[in-house]
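Architecture and fold: a report
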Amino acid sequence: MSHVTRAAIPLVAAAALSGATAVTATASTVVAPCPPRIVADWVRAWNGTDSRALGALFTARGVYTDLGLGVVFHGREEISGWKARADRLIDGIHVTVRATHRDGSRITVDAVYAGRLKAAPEAFAVPMTTLLDLDGHGRIASDQDHYSLAEVLAQSGLPADWTPPAS
């Protein structure tokens, strides 16, 4: 029995006891087929139209950081406002999760962030990595979104120095 197989057995057993339906072992990692519930809720909030749904996933003092744009929002109200602004600027915002990894209270989400800036001739779909830090009750205390604004603009057909309207 290989070292990877021996290492995967306790994880498969733990998944079975927790109610997971399947676990796949690869040469370097063990991957659960379904993302944690908070990730599914986060995706639904981004893909939905109710901006308050995103803010509701955070702690009262939660922090959302969009590293592509270099902006930070504090608390549920500001985070909900950010989602509402994104909805006004981008048609068809859609996040698709490719993989997740959980290490204690931190979840790393590998995703594709897609949509069409309303001022743009083309749509975009760029890789994004999000780090979610949870509190003891499963709410998001911190969200850091990592993606390339330059790639968003290039795919959108907009100049590299384009900035969104102020409102």
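The following refers to the structure shown. This structure is a prediction, so every number in the text was calculated from the model and none was measured. (Residues numbered from 1 in each chain as written. Predicted model: local features only at pLDDT ≥ 70, side-chain atom pairs only at ≥ 80, totals over all residues. Heavy atoms only, no water.)

This part takes up the sheet that holds strand β7 (residues 124–134). What the six strands build is an open sheet, ordered β4-β3-β8-β7-β6-β5; its pairing is mixed. The open sheet has two edge strands, β4 (71–74) and β5 (90–103), and neither has a second partner. For this sheet, the mean angle separating the axes of adjacent strands, direction not counted, is 20 degrees. For strand β6 (residues 106–117) and β7, the ladder comprises 10 bridges, and the chain directions are antiparallel. (Pairing = 2+ DSSP bridges. Helix = DSSP H or I, 4+ residues; strand = E, 2+ residues; numbered from the N terminus. Axes fitted to C-alpha atoms, helices over the stretch in contact; angles between N-to-C directions.)

By volume, the second largest pocket is sized at about 270 Å³. Looking at the second largest pocket, it is lined by 18 residues, and the ones nearest its centre are L69, L117, Y147, L149 and P164. Of all the elements in the fold, those that place two or more residues in the lining of the second largest pocket are α4 (75–89), β6 and α5 (149–156). With four residues, the top contributor of residues to the lining of the second largest pocket is α4. Considered class by class, the residues forming the lining of the second largest pocket number 15 nonpolar, one polar and two charged. (1 Å grid on protein atoms, 1.4 Å probe; cavity = no way out; pocket = protein on both sides within 12 Å on 5 of 7 lines; lining within 4 Å. Points joined across faces, edges and corners; volume = space filled by probe spheres on them. Nonpolar A, V, L, I, M, F, W, Y, C, P; charged D, E, K, R; others polar.)

Attention now moves to the packing of aromatic side chains. Enumeration over the complete set of coordinates arrives at five aromatic pairs. When the ring of W46 is compared with that of Y64, the centres are 6.2 Å apart and the planes differ by 50 degrees; the resulting orientation is tilted. Of the two residues, W46 is situated in helix α2 (residues 37–47) and Y64 in strand β3 (residues 58–66); the sequence distance between them amounts to 18 residues. Y64 carries the same exposure label as W46, and that label is buried. Between Y113 and F124 the ring centres are 5.4 Å apart and the planes differ by 65 degrees, which places this aromatic pair in the edge-to-face class. With a gap of 11 residues between them, Y113 in strand β6 and F124 in strand β7 connect regions that are remote in the sequence. Note on accessibility: Y113 and F124 belong to one class, buried. (Phe/Tyr/Trp six-rings, centres within 6.5 Å; stacked < 30°, edge-to-face > 60°. Buried < 20%, exposed > 50% of the residue type's maximum accessible area, 1.4 Å probe, protein only.)

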